[in-house]
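Take a look at the letters that make up each chain.
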Amino acid sequence: MCICDWTAPATFRELFERLRRLNVPPAQLETLLQEMDIRLVFTAHPTEIVRHTVRHKQRRVASLLQQLQIALENSASEKESLRLHLIEEIRLWWRTDELHQFKPTVLDEVDYALHYFQQVLFDAMPQLRRRISSALAGSYPDVQIPQEAFCTFGSWVGSDRDGNPSVTPEITWRTACYQRQLMLERYLDAVQELRDQLSISMQWSQVSAPLLEALEMDRLRFPVVYEERAARYRLEPYRLKLSYTLERLRLTHQRNQQLAAAGWKTTVEENELSLAPANSNEALHYGSVEEFRAELELIRSSLVNTGLCCEPLDTLLTQVHIFGFSLASLDIRQESTRHSDALDELTRYLDLPVPYGEMEETMRVKWLMEELQTRRPLIPSAVEWSKSTDETISVFRMLQRLQVEFGSRICRTYVISMSHTVSDLLEVLLLAKEAGLVDPADGTADLLVVPLFETVEDLQRAPAVMEQLFQSTIYRDLLPSVGEQTQPLQELMLGYSDSNKDSGFLSSNWEIHQAQIALQDLASRHSIALRLFHGRGGSVGRGGGPAYQAILAQPSGTLQGRIKITEQGEVLASKYSLPELALYNLETVTTAVLQNSLVTNQLDATSSWNQLMTRLAARSRTHYRALVHDNPDLVAFFQEITPIEEISKLQISSRPARRKSGAKDLSSLRAIPWVFGWTQSRFLLPSWFGVGTALAAEVEADPDQLDLLQRLHQRWPFFRMLISKVEMTLSKVDLELAHHYMTSLGSAENRDAFNCIYKIISNEYSLTRRLKLDITGNSRLLGADPALQLSVDLRNRTIVPLGFLQVALLRRLRDQNRQPPISETLGNEGDAGRTYSRSELLRGALLTINGIAAGMRNTG
């Protein structure tokens with residue numbers, strides 16, 4: 001099947017019409033739809049700089065503007081009332097502080113992330129399903145619509161402990177309880193509304209026998225409810241049934257509150273909660289969401305069998321399928337060395353001849369495999385471990401309790417960041433076995449271990465690591481099964497941020513692209529289904545950019561209807577703050593996955609193109625690393641020229657900016673502040689540096705290569721996506737303003753070194769810009785997208801003054817570390833001078849950071 005130039009985001013209706021014109025068989029589309037698995041994972045990465053108070057006011061203003069548009073035919077007094085309300089809201093917003101008032105706790109971040117579910121997504125998801133159903137009816141009327149949960153959500157907020165000591169087992173437990181509380185409260189409201197609506201009388205309608213039997217069972221289990229409601233709802237069976245459902249939801253909510261208060265270490269018995277009836281071992285609360293869903297299905301079946309339907313009931317059932325009782329699945333994430341350090345301490349306590357930390361990789365794998373196959377416990381009880389080891393072990397024990405209470409859906413994925421070797425995965429499986437989450441002897445597992453390959457070296461090594469694991473029957477048996485063919489499923493996460501920081505934009509993207517192809521080929525050979533998890537950030541330097549084009553640019557054949565993507569920081573607000581935005585994003589992500597999976601091509605297998613990209617990636621990486629990693633003055637340049645230290649004082653995250661406190665080297669700095677600093681100073685270096693040198697070397701060696709590059713841009717979605725991202729980033733670069741940062745903030749002793757670095761950056765920018773225009777054939781950046789060009793130009797002009805203000809404030813702020821406070825003369829010469837305090841200068845600097853981030857539409 002040929003590939004078409006479909007780069008503009010498509011609606012369901014537009015896509016299905018395209019597929020029909022391409023003669024895509026209905027059976028092929030239906031098979032894909034039934035197995036489609038899209039997972040969007042919300043994270044608490046510190047890139048959302050706008051206060052949630054301000055976001056709330058933005059939504060109120062948007063709502064009022066929408067009401068004004070609708071009220072065109074209303075009376076003049078109603079329109080004037082709305083106009084005055086809008087003015088009042090804007091005035092209140094104008095006097096609202098733009099800066100965060102305090103450093104958020106992890107639970108604050110949980111509340112912020114879940115806000116999007118409460119306000120938007122809970123109601124938007126059923127609408128998404130109705131859209132796809134309506135579109136299918138127009139183009140493929142015989143194709144069955146996908147399952148309700150074809151698109152679900154995950155969350156790292158409250159469960160991502162990599163580098164964040166504030167995320168403890170207790171915090172994760174409370175996060176799960178809070179998510180469940182929100183869902184139960186929504187269901188209580190929805191069932192109450194259903195009871196009000198389903199006033200069907202047995203005098204006028206038949207009722208199914210199974211529903212009548214269920215009512216008799218409920219009468220015996222809930223005698224108090226029966227006494228209270230039977231007389232009122234004697235002839236209204238649906239209302240009576242929903243009264244019992246409300247009682248069970250109320251009791252489930254009560255138990256959830258008790259569990260949250262007791263904590264994960266305390267076992268709460270049924271009789272302690274007074275939830276079980278006397279002389280009965282049966283609990284009255286819902287033990288699982290399946291029980292709740294079964295009762296709703298019973299009601300719907302009775303309605304359908306008697307010729308009735310109820311849209312609010314269908315909507316609720318869709319929500320239950322998607323969100324369950326857990327709302328979003330929590331992914332645990334931890335750095336790989338935490339597990340090896342814990343096992344090293346354990347083996348030293350057990351006095352093994354060779355402690356785990358001294359074993360070579362081969363010996364580690366052999367020992368881990370042996371331990372996985374024995375039923376003997378490895379971790380002795382009542383031992384006082386170090387704080388780090390105790391917490392590592394406690395996470396698995398908490399996770400086991402969480403699954404017992406909430407079901408495996410709440411938290412089944414364990415992501416290992418900085419995965420390098422086979423032992424990194426087996427360590428987690430062994431610790432999970434000790435907690436009762438994995439039983440290799442029976443081939444059962446309630447935990448999916450997901451390696452996160454982040455650096456270029458790890459991406460290159462990933463296929464070899466996974467092949468060794470796939471060859472192990474023990475490992476394969478622990479993978480979950482999916483699809484009609486019940487294939488084992490392996491989820492793999494690819495890191496954009498650290499690979500970009502390590503090797504630059506072009507090298508990072510090519511290595512991720514190559515890794516996906518190699519891993520999919522490997523999985524296919526072993527008959528394993530693969531779900532790729534893309535750790536994309538908001539900025540181009542961390543894998544960001546338009547989601548539709550990014551999904552289309554994935555290697556053909558690697559998605560097969562399955563994808564998992566992180567949604568981070570400011571991206572959440574831009575995509576999910578309003579229902580219309582959320583539906584647009586969800587629809588276009590889904591259509592992109594369908595299009596990539598169905599409209600296949602062999603362009604990624606073109607040998608000459610791959611060889612060209614390999615050369616470009618290698619040259620780009622060499623040039624990038626020569627500046628970023630090998631230039632001894634680059635760290636000082638970054639520290640002095642960018643507002644990196646001031647960024648760390650923004651109260652936007654519970655997570656430290658550096659992996660190691662006190663360290664000032666590049667390796668300890670996280671990718672987010674790395675990109676944030678370059679963006680504020682208008683260099684945006686991580687998103688483009690090295691591309692120009694790589695392209696120029698190719699064209700200089702053979703001028704005909706420019707024709708090939710132009711052809712690649714026209715035909716290959718991957719290359720077009722690369723060039724598009726570089727172009728968008730270059731349009732935001734302002735080297736004149738960046739030079740002002742350097743000359744004003746750079747120290748005198750580093751002036752010559754800094755000038756050399758700036759010259760390297762400036763030359764690379766000119767080279768990259770020229771070659772980009774040659775490849776696209778445009779005379780200006782973003783020439784093919786006038787709307788985006790205008791938007792970027794307008795925003796660039798508005799933030800230039802903020803850049804100059806920021807430089808002035810940073811210089812004065814930093815000077816206070818070397819000399820007494822600066823006195824400023826205000827008004828006439830006779831006026832008394834004023835001394836600005838450090839806190840005032842810092843506040844001013846932070847306000848400029850907020851303003852520039854808003855104008856750039858990116859932080860980190």
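So, how was this worked out
- Residues numbered from 1 in each chain as written.
- Predicted model: local features only at pLDDT ≥ 70, side-chain atom pairs only at ≥ 80, totals over all residues.
- Heavy atoms only, no water.
- Helix = DSSP H or I, 4+ residues; strand = E, 2+ residues; numbered from the N terminus.
- Rg over C-alpha atoms; globule rule 2.2 N^0.38 Å.
- Buried < 20%, exposed > 50% of the residue type's maximum accessible area, 1.4 Å probe, protein only.
- Contact = heavy atoms within 4.5 Å.
- Areas by Shrake-Rupley, 256 points an atom, 1.4 Å probe, with all protein chains shown as cover.
- Axes fitted to C-alpha atoms, helices over the stretch in contact; angles between N-to-C directions.
- Parallel < 35°, antiparallel > 145°, perpendicular 65-115°, else oblique.
- Nonpolar A, V, L, I, M, F, W, Y, C, P; charged D, E, K, R; others polar.
- Core = buried A, V, L, I, M, F, W, Y, C linked by side-chain atoms within 4.5 Å.
- pLDDT = per-residue confidence, 0-100.
- Phe/Tyr/Trp six-rings, centres within 6.5 Å; stacked < 30°, edge-to-face > 60°.
- Lys NZ or Arg CZ within 6 Å of the ring centre and 35° of its normal.
- Patch = residues over 30% accessible without salt bridge, like charges linked within 9 Å, V, L, I, M, F, W, Y side chains within 5 Å.
- Salt bridge = Lys/Arg side-chain N within 4 Å of Asp/Glu carboxyl O.
- Lys, Arg positive; Asp, Glu negative; His and termini not counted.
- Charge placed at Lys NZ, Arg CZ, Asp CG, Glu CD.
- Pairing = 2+ DSSP bridges.
- Polar contact = N/O pair within 3.5 Å; in protein donor to acceptor, adjacent residues only side chain to side chain.
- Expected span 1.5 Å × (residues − 1).
- Disulfide = S-S within 2.5 Å.

We now examine the overall build of the chain. Helix and strand content of the chain: 33 helices and 13 strands. Taking 860 residues into account, the globule formula puts the C-alpha radius of gyration at 29 Å, and the chain, at 29 Å, falls close to it. The C-alpha extent of the chain, read off along each of the three principal axes, is 90 × 85 × 65 Å. A burial count over the chain gives 57% of its 860 residues as buried. Residue pairs at least 24 apart in sequence account for 81% of intrachain contacts in the chain once pairs closer than 6 positions are excluded. Split by element, the accessible area of the chain, about 36000 Å² in all, is 50% carbon and sulfur.

Once that is clear, we can look at unusual backbone geometry. Residues other than glycine seldom take positive phi values, yet Asp351 does so here, at roughly 60°. Along the polypeptide, Asp351 turns up in the loop between helix 12 (336-349) and helix 13 (361-373). With relative accessibility at 64%, the residue Asp351 sits in the exposed group. Phi at Ala382 takes a positive value of approximately 60°, unusual for a residue other than glycine.

Turning next to the packing of helix 30 (residues 735-745) against helix 32 (residues 786-815). Each packed pair of helices is defined by two parameters, the angle between the axes and the distance between the axes. Where helix 30 meets helix 32, the axes come as close as 10 Å, and the angle between the chain directions of the two elements is 10°. The angle between helix 30 and helix 32 falls in the class roughly parallel. Here Leu737, His740, Tyr741, Ser744 and Leu745 of helix 30 lie close against helix 32, whose contacting residues are Val800, Gly803, Phe804, Gln806, Val807, Leu810, Arg811 and Arg814. Of the residues contributing to the contact of helix 30 with helix 32, the split by class is seven nonpolar, four polar and two charged.

What follows concerns the nonpolar core. The tendency in soluble globular proteins is for nonpolar side chains to be buried side by side. If you look at the biggest cluster of nonpolar residues, it comprises 83 residues, and the most contacted ones within it are Phe16, Phe153 and Tyr187. If one sorts the elements of this core by residue count, helix 5 (residues 106-139) sits on top with 14 residues. With near-sequence residues (within four places) excluded, Tyr187 lies in contact with Phe122, Leu249, Phe292, Leu316, Gln319, Val320, Phe323, Gly324 and Phe325. With 82 residues, the next largest nonpolar core counts Met613, Leu735, Ile775 and Ile852 among its residues.

On average, the chain scores 90 in pLDDT, and the residues at 70 or more come to 93%. For the chain, per-element mean pLDDT is lowest for strand 12 (residues 823-825), which scores 50, and highest for helix 15 (residues 422-434), which scores 98. Taken together, the stretch residues 1-5 has pLDDT below 50 and engages in 15 contacts with residues farther than four places along the chain or on a different chain. Contacts for the low-pLDDT stretch residues 825-832, under 50 throughout, to residues beyond four places or in other chains number four contacts.

What follows concerns the packing of aromatic side chains. Per the counting criterion, the structure on display carries 35 aromatic pairs. Judged by centre distance (5.4 Å) and plane angle (55°), the rings of Trp716 and Phe718 are tilted. Accessibility expressed as a relative area gives 1% for Trp716, which makes it buried. What links up through ring pairs into an aromatic cluster is the set Phe42, Phe117, Phe122, Phe153, Tyr187, Tyr286, Phe292, Phe323, Phe325 and Tyr576. The positively charged end of Lys564 is found above the aromatic ring belonging to Phe533, 4.6 Å away from the centroid.

Quick look at the packing of helix 30 against helix 31 (residues 751-776) now. Where helix 30 contacts helix 31, the axes come no closer than 11 Å and their chain directions differ by 170°. Relative to helix 31, helix 30 is oriented roughly antiparallel. Judged by residue contacts, Leu735, Glu736, Ala738, His739 and Met742 of helix 30 engage Phe754, Asn755, Tyr758, Ile761, Ser762 and Tyr765 from helix 31.

The next thing to look at is a negative patch on the surface. On the surface, a cluster of negative charge is made up of Glu185, Asp189, Glu193 and Asp196. With respect to the helices, strands and loops of the structure, Glu193 is situated in helix 6 (residues 169-197). When its relative accessible area of 56% is taken as the criterion, Glu193 is described as exposed.

In terms of burial, strand 2 (residues 151-155) is largely enclosed, as five of its five residues are buried. Here strand 2 shows two buried faces, one formed by Cys151, Phe153 and Ser155 and the other by Thr152 and Gly154. Note: strand 1 (residues 37-43) against strand 2, five bridges, orientation parallel. The residue of strand 2 that forms the bridge with Phe42 is Ser155. The pairing of strand 2 with strand 3 (residues 329-335) spans two bridges and is classified as parallel. Paired with Gly154 across the two strands is Ser329, which belongs to strand 3.

Further remarks concern the environment of Thr266. Within the secondary structure layout, Thr266 lies in the loop between helix 9 (237-262) and helix 10 (289-305). By relative accessible area, which is 40% here, Thr266 ends up partly exposed. Residues Thr266 and Arg401, 135 residues apart in the sequence, show an inter-C-alpha distance of 9.7 Å. At a separation of 3.3 Å, a polar atom in the side chain of Thr266 contacts the main-chain carbonyl oxygen of Ala262.

Where charged atoms of side chains with opposite charge meet at close range, the side chains can pair. By the definition in use, this model includes 46 salt bridges. The partner of Glu405 in a salt bridge is Arg401, with the nearest N and O atoms 3.1 Å apart. Here Glu405 pairs with Arg401, and both are found in helix 14 (residues 387-406), just four residues apart, close to one helical turn. Like Glu405, the residue Arg401 is buried in the burial classification. Linking Arg531 and Glu491 is a salt bridge whose minimum nitrogen-to-oxygen distance equals 2.7 Å. Here Arg531, found in strand 10 (residues 529-535), pairs with Glu491, found in strand 9 (residues 487-495); they are 40 residues apart in sequence, far enough to count as distant. Glu491 carries the same exposure label as Arg531, and that label is buried. Each of the salt bridges in this network shares a partner with another, and the network as a whole consists of Asp37, Arg39, Asp331, Glu491, Arg531 and Lys564.

So, about the pairing of strand 1. Among the seven residues in strand 1, six count as buried, and that is most of the element. Bridge count between strand 1 and strand 11 (residues 562-568): seven bridges; the pairing is parallel. Across the sheet, Thr43 pairs through a bridge with Gln568, a residue of strand 11.

Our next topic: helix 29 (residues 717-732). Here helix 29 is 16 residues long and its end C-alpha atoms lie 23 Å apart, about the 22 Å a rise of 1.5 Å per residue gives. Counting buried positions along helix 29 yields 15 of 16 residues, so the element is predominantly enclosed.

Here the focus is helix 12. Helical geometry note: an α-helix holds 3.6 residues per turn, so side chains three or four residues apart project in the same direction. If you check helix 12, its first and last C-alpha atoms are 21 Å apart, about what 14 residues at 1.5 Å a residue would give, namely 20 Å. Taken as a whole, helix 12 has its buried residues at Ser336, His339, Ser340, Ala342, Leu343, Asp344, Leu346 and Thr347. Of the surrounding secondary structure, the elements contacted by the buried residues of helix 12 are strand 3, helix 13, helix 14, strand 4 (413-417) and helix 15. A positive phi of about 60° marks Asp351, the residue just after helix 12.

What follows is about the state of the cysteines. Disulfide: a covalent bond connecting the sulfur atoms of a pair of cysteines. The full count for this structure, using the stated rule, is zero disulfides. No disulfide involves Cys177; its sulfur sits 13 Å from the nearest other cysteine sulfur, which is in Cys411. Relative accessible area serves as the criterion here: at 2%, Cys177 is assigned to the buried category.

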